[in-house]
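Structural features, examined
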Amino acid sequence: MSLSLGSGTRNLRKLLAMNQILLERLCGVVGADHVLTDMDLGAYEEDWNRRARGKALAVVRPADTVQTAQVIRICADAGVGLVPQGGNTGLNLGAIPDGSGTQVVLSTKRMNAIRAIDVANLTATVEAGCVLQTLQEAARAHNLLFPLSLAAEGSCTIGGNLATNAGGTQVLRYGNARELCLGIECVTAAGEVWNGLTALRKDNTGYDLRNLMVGSEGTLAIITAATLRLYPLPRTQTTAWVALPGIHEALRLLQRAQSILGPSLSGFEIIGREPVEQVGRHFAELARPCGDSSTPWFVLMDVWNNLDDGRAREEVESLLAGALESGEAHDAVIATSQAQSAKLWRIRESIPEAQARDGLNIKHDISVPVSALPDFVMELQSVLAAAVPGARFMTFGHMGDGNLHYNLQAPFGADADAFRARYERQVNGLVYEHVARFGGSFSAEHGIGSHKVEQLASSKSPTALWMMRGVKQALDPRGILNPGKVLG
Ligand code: FAD
Ligand code: ZN
């Protein structure tokens, strides 16, 4: 008696055989140790917030640009989607595979060399998998500053920073990742290497391909290296924590600080009462530095100066004395040492971790014009307080850039998952409607990934979407690079 195979079984066998050939070809390029399939791939398949988990066919870790190009060609030949991944700290599900088990994650972690630091040109050329903090430290060793700074800097990579056009806490003075990037090396969907590692500050030769790649979230090419701007290391840092009676007072303080301190004002962060209390609850050593439990808003400001003559500190002192006298601030402390500055910043940087400990909340990363930010916050807060009784407002962010991480946490004692299931869609609708009304953006820093694909499709104009799709079609006609992300 002979058994005949059903067509489903035959297709499965064929697929397994094709996957086997693909994996063998990938091993031939990067070595079997760097094609991961049978270990627990959880760290590559799950996002930082543990909001979602995909299933990868394999994780491949090329050692350099040449290997990256070969990996892309092999996957393109097989019609297999590639998901670039750096530190996997992105917050919009851009760096994890979908659930199909058919996509290959390309991890840049082994491509982490600092190729060169040119002190006289104030530039560094680094590979995509270099961890942000590693570059910061290398620059510092040359008495230079790489100013990109964010709470994930110990894990996130330069490639991920550029692919998401990361912002962070020093944008006010130094700009986003895009402003810090002079040149890019990347591999296209056809496996061709583009060496655009120019270190020029002026170059108007045709379309700006570098800036097209920055912020493209791995959908147009895989970034393998970049040439980045460095700055002289500031000699003094003056950090202040201010307790304010309202968010309108924060805007007035920002305006005054900018007019007095000019470009020395490098960071101006706003933090609501709830996140400050939350950090204090989870990290006892990071209790609120001043103000009391009824203070609604706090500002953390940083002033960096290249002259070590004490003038910056005097200016900050007189700025805050004026605010206290007029009642526009309730209380303030100024750090007297680097250690104290670092501690004030640790409060701000511990907010994401403290929130995670209270359970995943409803998150937004939004921006509005700086001048409209206080009205935006007050109007939205009253609408949401009525719609979602008892919700805790975890509002904080980069006020100097008009960018808020506008998160709603379940009421004390309530189940975080049930809260999100019940309210997320309604809250998102209200938040994004307000954002649009105030001329803002529904994703200021964290990009689109797969999480905000619908929002992008519904809020960009047909013309903008047509241009974006045209670019994608031209550079990746077969949809090999990060399928399902950004444009869906
Ligand atoms: P990943 O998460 O690995 O990837 C992010 C995206 O980039 C994905 O779409 C991925 O496919 C793509 N990608 C990665 N590497 C490459 C490459 N070499 N070529 C092409 N595409 C690539 N962001 C801010 O902007 N400002 C903040 O203040 C900020 N704070 C954060 C704080 C915390 C605690 C956390 C967890 C995240 C924060 N983020 C912030 C999110 C931010 O986007 C990331 O931390 C960082 O920029 C992503 O780097 P990564 O290496 O982890 O990228
Ligand atoms: Zn941020």
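See the structure shown above.
Throughout what follows, the structure given in this document is the object of discussion. (Residues numbered from 1 in each chain as written. Chains lettered and ligands numbered in written order. Predicted model: local features only at pLDDT ≥ 70, side-chain atom pairs only at ≥ 80, totals over all residues. Heavy atoms only, no water.)

**Things to note about the coordination of the zinc ion (ligand 2)**
For the zinc ion (ligand 2), the protein coordination sphere consists of His398 (NE2), His405 (NE2) and Glu445 (OE), at 2.1 Å. For the zinc ion (ligand 2), the four donor atoms are set out with angles of 93 to 152 degrees between them, so the coordination reads as irregular. (Donors = N, O, S within 2.8 Å, 3.2 Å for Na, K, Ca; no water. Tetrahedral: all angles 85-135°; square planar, octahedral: opposite > 155°, others 65-115°.)

**Focus: the site of ligand 1**
Around ligand 1 sit 36 residues in total, of which Pro84, Gly86, Thr89, Gly90 and Thr157 are the nearest. Separating an oxygen atom of ligand 1 from a backbone N or O atom of Gly94 is a distance of 3.2 Å. Separating a nitrogen atom of ligand 1 from a backbone N or O atom of Gly218 is a distance of 3.4 Å. Elements that contribute at least two residues to the shell around ligand 1 include exactly strand 3 (82-85), helix 5 (158-163) and strand 10 (222-229). (Near = heavy atom within 4 Å. Polar contact = N/O pair within 3.5 Å; in protein donor to acceptor, adjacent residues only side chain to side chain. Helix = DSSP H or I, 4+ residues; strand = E, 2+ residues; numbered from the N terminus.)

**Things to note about the packing of aromatic side chains**
Enumeration over the complete set of coordinates arrives at eight aromatic pairs. Look at Phe419 and Tyr423: their rings are 5.4 Å apart centre to centre, the planes differ by 55 degrees, and that puts the pair in the tilted class. Of this pair, Phe419 and Tyr423 both sit in helix 14 (residues 416-437), four residues apart, which is roughly one turn of the helix. Taking relative accessible area as the criterion, Phe419 reaches 5% and is therefore assigned buried. Using a relative accessible area of 10% as the deciding quantity, one classes Tyr423 as buried. These aromatic residues form a ring-pair network of at least three members: Phe376, Phe393, Tyr406 and Phe438. Of note, Arg392 hangs over the ring of Phe412, and the distance from its end group to the ring centre comes to 4.1 Å. (Phe/Tyr/Trp six-rings, centres within 6.5 Å; stacked < 30°, edge-to-face > 60°. Buried < 20%, exposed > 50% of the residue type's maximum accessible area, 1.4 Å probe, protein only. Lys NZ or Arg CZ within 6 Å of the ring centre and 35° of its normal.)

**Concerning helix 16 (residues 462-475)**
Here helix 16 is 14 residues long and its end C-alpha atoms lie 20 Å apart, about the 20 Å a rise of 1.5 Å per residue gives. Those residues of helix 16 not exposed but buried are Ala464, Leu465 and Lys472. On an axial view of helix 16, the arc spanned by its buried residues comes to 95 degrees, and they lie on one face. Away from its buried face by more than 90 degrees, helix 16 exposes Pro462, Trp466 and Ala474. Its buried side turned inward, helix 16 meets helix 15 (453-459). (Expected span 1.5 Å × (residues − 1). Arc of directions from axis to C-beta. Contact = heavy atoms within 4.5 Å.)

**Comments concerning the sheet that holds strand 16 (residues 365-367)**
Strand order in the open sheet formed by seven strands is 15-12-14-13-17-18-16, and the pairing between neighbours is antiparallel. A single partner strand is all that each edge strand has here, and the edge strands are strand 15 (331-334) and strand 16. Taken over all neighbouring pairs, the strand axes of this sheet differ in orientation by 20 degrees on average, direction set aside. Of the pairings in the sheet, the one linking strand 16 to strand 18 (residues 403-409) comprises three bridges and is antiparallel in character. Note that in strand 18 the partner of Asp365 across the bridge is His405. Contacts from helix 10 (residues 311-326) reach strand 12 (236-244), strand 14 (297-305) and strand 15 within the one sheet, and its direction differs from that of strand 15 by about 170 degrees. (Pairing = 2+ DSSP bridges. Axes fitted to C-alpha atoms, helices over the stretch in contact; angles between N-to-C directions.)

**Some details on the state of the cysteines**
Using the criterion set out here, one finds zero disulfides in the structure. Sulfur of Cys75: no disulfide; nearest cysteine sulfur belongs to Cys27 and is 12 Å away. Exposure remark for Cys75: the relative accessible area of 0% places this residue in the buried category. Free cysteine: Cys186, not disulfide-bonded; nearest cysteine sulfur from Cys181 at 10 Å. According to the relative accessible area criterion, Cys186 is buried, its value standing at 1%. (Disulfide = S-S within 2.5 Å.)

**Points about the pairing of strand 14**
Within strand 14, nine of the nine residues are buried, leaving the element largely enclosed by the surrounding structure. Burial along strand 14 is two-sided: the residues Trp297, Val299, Met301, Val303 and Asn305 and Phe298, Leu300, Asp302 and Trp304 are all buried. Judged from the seven bridges that link them, strand 13 (residues 265-272) and strand 14 form a sheet pairing that is antiparallel. Across the sheet, residue Gly272 finds its bridge partner in strand 14, namely Trp297.

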